[in-house]
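# Structural overview
One-letter residues, chain by chain:
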Amino acid sequence: MTNRNSESQGIQSQEARTASNFLHDIIAEDVRTRKYGDALVQTRFPPEPNGYLHIGHAKAICLDFGLADEFGGKTNLRFDDTNPEKEEQEYVDSIQRDVRWLGFEWDRLCYASDYFPQLYEWALELIKAGKAYVDDLSADQIRQYRGTLTEPGKDSPFRNRTVEENLDLFVRMKSGEFPDGSRVLRAKIDMTSPNLNMRDPVMYRILHATHHRTGDEWCIYPMYDYAHGQSDSIEHVTHSMCTLEFTDHQPLYRWYIEQLGIFPSQQIEFDRLNITYTLLSKRKLLQLVQEKHVHGWDDPRMPTLSAFRRRGFTPEAIRTFSTSTGVSRTNGITDIEMLEHFQRDDLNRRVNRAMAVLRPLKLVIDNYPAGQEEFVEVANNPEDPAAGTRQVPFSGEIYMEQDDFREVPPPKYYRLSPGKEVRLRNAYFITAQSVVKDATGSIVAVHCTYDPASRGGNSPDGRKVKSTIHWVSTAHAISAEIRLYDKLFLKPDPNDVEEGGSVLDNLNPNSLEVLADAKLEPSLANAKLEDRFQFERVGYFCVDSDSTPDHMVFNRTLPLKDTWAKIEKKSEA
RNA sequence: UGGGCGAUCGUCUAAUGGUAGGACAGUGCCCUUUGGAGGCACUUGUCUAGGUUCGAAUCCUAGUCGCCCAGCCA
């Protein structure tokens, strides 16, 4: 089992039962025909530590770990760390944290950099076999010699150096004799191949850079193509899943393995995850962070797993989303509503309710005995009786939501307005009597009367009300900052930009709204980091990492579905 | 205009020669002490044109459209 706890195991096997896809079919067939003999199914999740994992990676992680698990196999976490200029320990750490948070535990923790010595030996082997050569052409010249999509390339003038000369030069490349960019080691394949990846691909480049793990030990670094397949092979990976853009690399992946005569790992490609209104490119996410369009990799508006965690999303929901959305070889874009649906569905079942007034409006109950207060009993989660109940203080002066009162109610508005009766959730029926306005004419308080016989929320005479609103007693309320998040981008496809534009043009200027002084029921004072709640009638919220006992901060994970907002919008149109 | 990959409701995905199904979104109704949740119902789809076949989303042929590839990135 690759899962960390029994809870996620249950979910995992449930997902596994329903997850039938072409990758599953391929592996099942390989197992049936004993393609790898007695060997276990072995997979790997191979991130480059050059950024934080995002929800697109979650799909790959669920596939890599989930498929291996289904067939009783194992999964390694392998850092594809062959480019010291872009990789950092911070990313190595965050990736491990995020994979575990998602609910998976790897069999072996590996690094491509651990294989540098072996890769180097194999390069020597290929040189000796006349299958690799040192090229002195500049990067620019190599590009020119490569030809184009429609024209074949031509051989480098250095292509036919002797084995001895190649060996000598390559060893000296490794020993640091030559400056960056002066020489590369190339595979000798076919400069006329219609597949550009086969036109004598670069195997090694000279990079006098400090690597986050090997330090200054190496000044030559293998390219992805030369490192990835062999790393798979070393780990006896049987099924190496990757995204579609690597399809053209598969012949090269196989070429290295065949020339070296090593364990025949096989690469299988699947489609990358795309989600509407969401940017899933590590390079561009890095730009958002570096240029401070967001407050870091874990800014809750980001699509990174760290951000989803901070925002209150659950690993269970992300896993359910990943498997439900399926896997194929088509390039599609999944509606963000799908993700939100699975998250609401999960939170609705598991999370306790609380009352919080985001935009407070004072409500005075004129006939409530002066100075009196009482406690009303409230279910912690109506979906789950086992969650129990709690006592919430009530009094003659409470906060209600500004949105829940209209002096002139529009059609189909069921909430409070002058003369109308509504229910205060779990408390009493009230009828609005009058409003108090300030000098500018805006409403600062509403006066009402309550029906003492309706305690608990029902009137003994069977009288019905059209609406129930939430509230917090002013004397008992605690204050908190609340952060409301909206889509980071305005367009379904953030990359849909005009000529010369950038994704930044599509940034939503209102993606973050901060409410400095929301009023919460007192039980919330005990909330701890990452605790999740449904604020009734409002949405799902969690305690943010910026929160302190003196200054509580809550993030809105997602709003509740809002039928009234829909009606209102439709009537405006 | 070289090569590779792909095309099924608005979106994602099943059906592997035999009733085109599910989920999300949408719409309507019911229910409701959250206009939440839940229940019921409805709408919409096999890229096109030929062919094989008793029968084609599936096989064949030709086209159309989309994505990927010319890093010493991964």
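Whatever comes next refers back to the structure up there.
First, a word on scope: everything that follows refers to the structure included in this document.

Basis of the calculations
Numbering of residues starts from 1 in every chain and runs along the sequence as written. Both sets of labels track the order of writing: A upward for chains, 1 upward for ligands. For this predicted model, a pLDDT threshold of at least 70 governs which residues receive local features, and a threshold of 80 or more governs which side-chain atom pairs are given and counted, while totals over whole chains, interfaces and linings are taken from all residues. Water and hydrogen atoms play no part in the side-chain values, which are based on all heavy atoms of the structure. Strands are runs of DSSP state E lasting at least two residues, helices are runs of H or I lasting at least four, and both sets are numbered from the N terminus onward. Buried residues are those whose accessible area, probed at 1.4 Å on protein chains only, stays under 20% of the maximum for their type, while exposed residues exceed 50% and partly exposed ones sit between those limits. Any two residues whose heavy atoms approach within 4.5 Å at even a single point are treated as in contact. Here the accessible surface of atoms and residues is derived via Shrake-Rupley with a 1.4 Å probe, and residues count as covered only by protein chains that are part of the display. Working convention for charge: Lys and Arg count positive, Asp and Glu count negative, and His plus the chain ends are omitted. Charge positions are represented by NZ for Lys, CZ for Arg, CG for Asp and CD for Glu. Residues are counted as near a molecule or strand when any one of their heavy atoms sits within 4 Å of it. Two N or O atoms count as a polar contact when they lie within 3.5 Å, although within protein this holds only if one can serve as hydrogen donor and the other as acceptor, and sequence-adjacent residues are included solely when both atoms are side-chain atoms. For this classification, Asp, Glu, Lys and Arg are treated as charged, while Ala, Val, Leu, Ile, Met, Phe, Trp, Tyr, Cys and Pro are nonpolar and the rest, including Gly, are polar. Think of each axis as a best-fit line through the C-alpha atoms, taken over the contacting stretch in the case of a helix, with angles from 0 to 180 degrees between the N-to-C directions. What sets the label is the angle itself: under 35 degrees gives roughly parallel, over 145 gives roughly antiparallel, 65 to 115 gives roughly perpendicular, and the rest give oblique. Whether two strands pair comes down to DSSP finding at least two bridges between them. Expected span of a helix, by definition, is 1.5 Å for each gap between consecutive residues, and there is one gap fewer than residues. The definitions used throughout rest on a 1 Å grid laid over the protein atoms alone, on which a cavity is an enclosed set of points accommodating a 1.4 Å probe that cannot get out and a pocket is an open set flanked by protein within 12 Å on both sides along at least five of seven lines; lining residues are those having an atom within 4 Å of a point. Grid points are joined across faces, edges and corners, and a volume is the space filled by probe spheres set on the points.

This part is about the overall build of chain A. Within chain A, the secondary structure is distributed over 14 helices and 25 strands. With respect to the principal axes defined by its C-alpha atoms, chain A has extents near 100 × 55 × 45 Å. Taken across its 573 residues, chain A has 53% of its residues classed as buried. Partitioning the contacts of chain A with sequence separation of at least 6, the portion at a separation of at least 24 is 71%. Within the structure as shown, chain A displays about 25,800 Å² of accessible surface, and the carbon and sulfur contribution to it stands at 48%. Each charge class in chain A was averaged separately, 70 positive and 88 negative side chains, and the resulting centres sit 3 Å apart.

Turning next to the protein's contact with RNA strand B. Around RNA strand B, 70 residues are found, and the nearest of them are Thr325, Arg353, Arg423, Gly456 and Thr563. Here RNA strand B approaches the protein such that, of its atoms within 4 Å, sugar and phosphate make up 64%. At a separation of 3.4 Å, a phosphate oxygen of RNA strand B approaches a polar side-chain atom of histidine 341. Measuring from a base nitrogen of RNA strand B, one finds a backbone N or O atom of lysine 412 at 2.7 Å. For the surface near RNA strand B, the secondary-structure elements that each account for two or more residues are α6 (139–145), β6 (202–206), α13 (336–350) and α14 (563–572). Its residues assigned to classes, the surface near RNA strand B shows 22 nonpolar, 24 polar and 24 charged.

Working note: a packed helix pair is described by the angle between its axes plus the distance between those axes. Close contact between helix α3 (residues 55–70) and helix α12 (residues 315–325) brings their axes to 9 Å; oriented N to C, the two are set at 75°. Regarding the angle of α3 to α12, the classification is roughly perpendicular. For the pair α3 and α12, contact is made by Ile55, Ala58, Lys59 and Cys62 and by Ile318, Arg319, Phe321 and Ser322, respectively. Residue composition of the contact of α3 with α12, by class: five nonpolar, one polar and two charged.

Let's shift gears to the packing of helix α5 (residues 116–128) against helix α9 (residues 250–260). In the contact formed by α5 and α9, the axes pass within 10 Å of each other and the chain directions differ by 80°. With respect to each other, α5 and α9 are oriented roughly perpendicular. Facing Trp122, Glu125 and Leu126 of α5, the residues of α9 in contact are Tyr256, Gln259 and Leu260. Classifying every residue of the contact of α5 with α9 by side-chain character gives four nonpolar, one polar and one charged.

With that settled, the discussion passes to the sheet that holds strand β19 (residues 468–469). Strand order across the open sheet formed by seven strands is β19-β16-β17-β18-β12-β15-β20, with mixed pairing between neighbours. Across the chains shown, the open sheet's two edge strands, defined by having one partner strand only, are β19 and β20 (471–473).

What follows concerns α13. In this model α13 runs 22 Å from its N-terminal to its C-terminal C-alpha over 15 residues, within 8% of the 21 Å that 1.5 Å per residue would give. Restricting attention to buried positions, one finds in α13 the residues Ile336, Leu339, Glu340, Phe342, Gln343, Arg344, Asp346 and Leu347.

On to empty space enclosed by the protein, then. This model, assessed by the stated rule, comprises one cavity of 30 Å³ or more. Quantified by volume, the largest cavity comes out at close to 30 Å³. As for the largest cavity, its lining consists of Tyr224, Asp225, His228, Gly229, His249, Tyr253 and Gln267. In terms of residue count, the dominant contributor to the lining of the largest cavity is helix α8 (residues 224–234) (four residues). Its residues placed into classes, the lining of the largest cavity shows two nonpolar, four polar and one charged.

So far we have only geometry, and geometry alone does not tell us how the molecule works.
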